[in-house]
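Listed below, chain by chain, are the residues.
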Amino acid sequence: MDLSAAQVLHWVSAVLWPFIRISALLLVAPIFGSGNISVPWRLNLALLLALLVVPQLPVPTLDPLSIEALWVAGEQVLIGIAMGFILQMIFSAVTQAGESVALSMGLGFASVVDPSSGVQVPIVSQVLVVLATLLFFTMNAHLLLIELLIRSFHTLPIAGGGFVTDDFWAVLTFGSLMFSGALLIAFPAVASLLMVNLAVGVVARAAPQLNIFAVGFPAMMLAGFLLLILLLPAFAARFDELLLTGLETMRHLVRM
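If you're wondering where the values come from, they're calculated on a predicted model, not measured in any experiment.

Caption draft 1: Inspection of the overall build of the protein chain at higher detail. The helix and strand inventory of the protein chain stands at eight helices and two strands. Taken from the N to the C terminus, the helices and strands of the protein chain come in the order α-α-α-β-β-α-α-α-α-α. When the 256 residues of the protein chain are sorted by exposure, 39% land in the buried category. Residue pairs in contact within the protein chain that sit at least 24 positions apart in sequence constitute 82% of those at least 6 positions apart. With the model as given, the accessible surface of the protein chain reaches about 13,800 Å², and the carbon-plus-sulfur share is 72%.

Caption draft 2: Seen up close, unusual backbone geometry. At Asn-140, a position not held by glycine, the phi torsion is positive, near 60°. Counting through the fold element by element, Asn-140 comes out in the loop between helix 4 (123-138) and helix 5 (141-155).

Caption draft 3: How the structure looks around the packing of aromatic side chains. Under the criterion given, the structure shown has four aromatic pairs. Aromatic side chains Phe-91 and Phe-136 sit 6.0 Å apart centroid to centroid with 65° between the ring planes, which places their arrangement in the edge-to-face category. A residue pair is termed long-range when its members are at least 10 positions apart, and Phe-91 in helix 3 (residues 67-105) and Phe-136 in helix 4 qualify at 45 residues. There is no split in this pair, since Phe-91 and Phe-136 are both buried.

Caption draft 4: Expanded view of the pattern of salt bridges. Scanning all chains against the criterion turns up two salt bridges. The partner of Arg-151 in a salt bridge is Glu-147, with the nearest N and O atoms 3.6 Å apart. Pair noted here: Arg-151 and Glu-147 are both in helix 5, with a separation of four residues, about one helical turn. Taking the relative accessible area as the measure of exposure, Glu-147 reaches 39% and is therefore partly exposed.

Caption draft 5: Quick look at the nonpolar core. Core analysis: the largest hydrophobic core is formed by 67 residues, its most contacted members being Ile-22, Leu-87, Val-94 and Leu-243. Contributions of two or more residues to this core are made by helix 1 (5-28), helix 2 (39-53), helix 3, helix 4, helix 5, helix 6 (165-206), helix 7 (212-230) and helix 8 (232-253). Looking at this core element by element, the count peaks at 17 residues for helix 3. What Ile-22 contacts, discounting residues up to four positions off in sequence, is Ala-46, Leu-49, Ala-50, Leu-149 and Phe-153.

Caption draft 6: Local environment of the side chain of Arg-21. Mapped onto the secondary structure, Arg-21 falls in helix 1. It is Glu-75 that comes nearest to the buried, bridge-free Arg-21 among opposite-charge side chains, at 7.1 Å. Within polar-contact distance, the side chain of Arg-21 engages the side chain of Ser-152 at 3.1 Å. Beyond its immediate stretch of four places on either side in the chain, Arg-21 contacts Gln-76, Ile-79, Gly-80, Leu-149, Ser-152, Phe-153, Leu-156, Pro-157 and Ile-158.

Caption draft 7: Region of interest: helix 5. With 15 residues, helix 5 should cover 21 Å at 1.5 Å per step; its first-to-last C-alpha distance of 20 Å lies within 8% of that length. Ala-141, His-142, Leu-145, Leu-148, Leu-149, Ser-152 and Phe-153 are the residues of helix 5 that are buried. Along helix 5, the residues classed as buried sweep out an arc of 145° about the axis, all on the same side.

How each quantity is defined
Residues numbered from 1 in each chain as written. Predicted model: local features only at pLDDT ≥ 70, side-chain atom pairs only at ≥ 80, totals over all residues. Heavy atoms only, no water. Helix = DSSP H or I, 4+ residues; strand = E, 2+ residues; numbered from the N terminus. Buried < 20%, exposed > 50% of the residue type's maximum accessible area, 1.4 Å probe, protein only. Contact = heavy atoms within 4.5 Å. Areas by Shrake-Rupley, 256 points an atom, 1.4 Å probe, with all protein chains shown as cover. Phe/Tyr/Trp six-rings, centres within 6.5 Å; stacked < 30°, edge-to-face > 60°. Salt bridge = Lys/Arg side-chain N within 4 Å of Asp/Glu carboxyl O. Core = buried A, V, L, I, M, F, W, Y, C linked by side-chain atoms within 4.5 Å. Lys, Arg positive; Asp, Glu negative; His and termini not counted. Polar contact = N/O pair within 3.5 Å; in protein donor to acceptor, adjacent residues only side chain to side chain. Expected span 1.5 Å × (residues − 1). Arc of directions from axis to C-beta.

Written out as structure tokens, the structure reads:
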């Protein structure tokens, strides 16, 4: 079978634009963009999803080497990064909540390297991130994310215009939810540990001969671990709320 240059260019153009948007999302998303997943695997997944999407989309008549194609590629990158960034902020809220709890219970010094971000975080944050990852897959949120991504090609077609100013403000506004979500997750444990700290201070005041460092530090850690166990159901509910809010924001961005 003889293939002309126009046919090859048509096929490459059909796969290129979905591939750019999908690979941009997988690059920023916290789980798919983790350092544990190699770049070839990430690119292969993006190419597989692009090949699945191509038969359902009209092929734009764009020259991949033109200035207009460069502008369209930038739009696809922005759309993918915005969707992945929203999901990243949800997991950042979990990390911040773990840092607050770790500092309150005296485990702020116990840090490990987070494989998804490559920075050192307290061990409590790492435990909460692992739980959030399990909840993410348990709730089939990865399938909802892929569904939103695929449907975005119909609501935000290639070469049909990208985001407007209100969309960027929506992403920035969602960033404030990262701090409020972290506060809601960590507040019960932090408030309870504050009461334990006050009780230890009262005991130290009533019995000065008691070595407060030998008693207070283990008491704070023990209370912190017990509170983490008791507050796991509340953590699942809060993470569910954050995830649903993030998915709704993504739906708003892609005009769904």
